[in-house]
Amino acid sequence: AFGLNLPPVVFALQSLQQDGGGGCEKVQQWLLVNAALCIVNIVMAAYISNKVQVEKGSDIEQDGTVYQADFTNTRNNSA
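In what follows, the accompanying structure is described.

Rules behind the numbers
- Note that residues are indexed from 1 along each chain, following the sequence as it is written.
- Since the coordinates come from a predicted model, pLDDT governs what is reported: local features require at least 70, and pairs of side-chain atoms require 80 or more to be given and counted, while whole-chain, interface and lining totals use all residues.
- As a convention, hydrogens and water are excluded, and side-chain values are obtained from all of the structure's heavy atoms.
- Candidate patch residues must exceed 30% relative accessible area and have no salt bridge, after which like charges are joined if within 9 Å and Val, Leu, Ile, Met, Phe, Trp or Tyr side chains if within 5 Å.
- The accessible surface values rely on the Shrake-Rupley method and a 1.4 Å probe; as for residues, cover is taken only from the protein chains in view.
- Basic side-chain nitrogens of Lys or Arg form a salt bridge, by our definition, when they fall within 4 Å of a carboxyl oxygen of Asp or Glu.
- In this description a helix means any DSSP run of H or I spanning at least four residues, a strand means any run of E spanning at least two, and both kinds are numbered starting from the N terminus.
- Only heavy atoms enter the contact rule, under which two residues are in contact if any of them lie within 4.5 Å.
- Burial classification: accessible surface area is computed with a 1.4 Å probe over protein chains only, and a residue below 20% of its type maximum counts as buried, one above 50% as exposed, and the rest as partly exposed.
- Think of a polar contact as two N or O atoms within 3.5 Å of one another; within protein, one of them needs to be a possible hydrogen donor and the other a possible acceptor, and neighboring residues in sequence only count if both atoms come from side chains.
- A helix is expected to reach a length of 1.5 Å times the quantity of its residues less one.
- This arc is taken over the directions from the axis of the helix to the C-beta atoms.
- Two strands pair if DSSP finds at least two bridges between them.

## Comments concerning a nonpolar patch on the surface
Okay, so step 1: Judged by side-chain polarity, Ile39, Val40, Val43, Met44, Tyr47, Ile48 and Val52 come together as a nonpolar surface patch covering roughly 670 Å² of accessible area.
Okay, so step 2: Relative to the assigned elements, tyrosine 47 resides in helix α2 (residues 25-52).

## A closer look at the environment of alanine 12
Okay, so step 1: Take alanine 12: it is sitting in helix α1 (residues 2-16).
Okay, so step 2: Sequence separation of alanine 12 and valine 33 is 21 residues, and the distance between their C-alpha atoms is 8.8 Å.
Okay, so step 3: Not counting chain neighbours up to four residues away, the residues in contact with alanine 12 comprise Leu31, Leu32 and Ala35.

## Focus: the side chain of serine 15
Okay, so step 1: Inspection of the secondary structure puts serine 15 in helix α1.
Okay, so step 2: The residues contacting serine 15, other than those within four sequence positions of it, are Gln28 and Leu31.

## Some thoughts on the side chain of asparagine 5
Okay, so step 1: Inspection of the secondary structure assignment puts asparagine 5 in helix α1.
Okay, so step 2: Look at asparagine 5 and you get buried, because its relative accessible area is 11%.
Okay, so step 3: Within the local environment of asparagine 5, its side chain forms a polar contact with the backbone oxygen of alanine 1, the two atoms lying 2.7 Å apart.

## Quick notes on α1
Okay, so step 1: Between the first and last C-alpha of α1 there are 21 Å, a value that for 15 residues agrees with the 21 Å anticipated at 1.5 Å per step.
Okay, so step 2: Of all the residues in α1, the buried ones are Asn5, Pro8, Val9, Ala12 and Ser15. Looking straight down α1, one finds its buried side chains confined to an arc of 120 degrees; they lie on one side. Counted as exposed and oriented over 90 degrees from the buried face of α1: Phe2 and Gly3.
Okay, so step 3: On its buried side, α1 packs onto α2.

## So, the pairing of strand β2 (residues 65-68)
Each regular strand shows side chains that alternate between the opposite faces of the sheet.
Okay, so step 1: Pairing between strand β1 (residues 59-62) and β2: 4 bridges, direction antiparallel. Note that in β2 the partner of aspartate 59 across the bridge is glutamine 68.
Okay, so step 2: Counted along the chain from β1 to the antiparallel partner β2, the turn is 2 residues long, and its residue aspartate 63 has a positive phi close to 50 degrees.

## Focus: α2
Note: α-helices contain 3.6 residues per turn, so residues at a spacing of three or four share the same orientation.
Okay, so step 1: Here α2 is 28 residues long and its end C-alpha atoms lie 41 Å apart, about the 40 Å a rise of 1.5 Å per residue gives.
Okay, so step 2: Along α2, the residues classified as buried are Gln28, Ala35, Cys38 and Ile42.
Okay, so step 3: Buried residues belonging to α2 abut α1.

Structure representation (structure tokens):
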């Protein structure tokens, strides 16, 4: 998510450095909106990625119930 969302942010910042957008105010406005959406996407991808990572053997507590993270394979692959 970071690699594909970074270029639009860079291009939007570069467009801000131009004087008045070079006569393309609507394009500059879209670049800024797109950059904001890309930043939100980067932040949320990092947040979700951080939330779903659980170390093996760690416990999760939710509403007073404790769950143990178990990553063993429950399928019987002998057949």
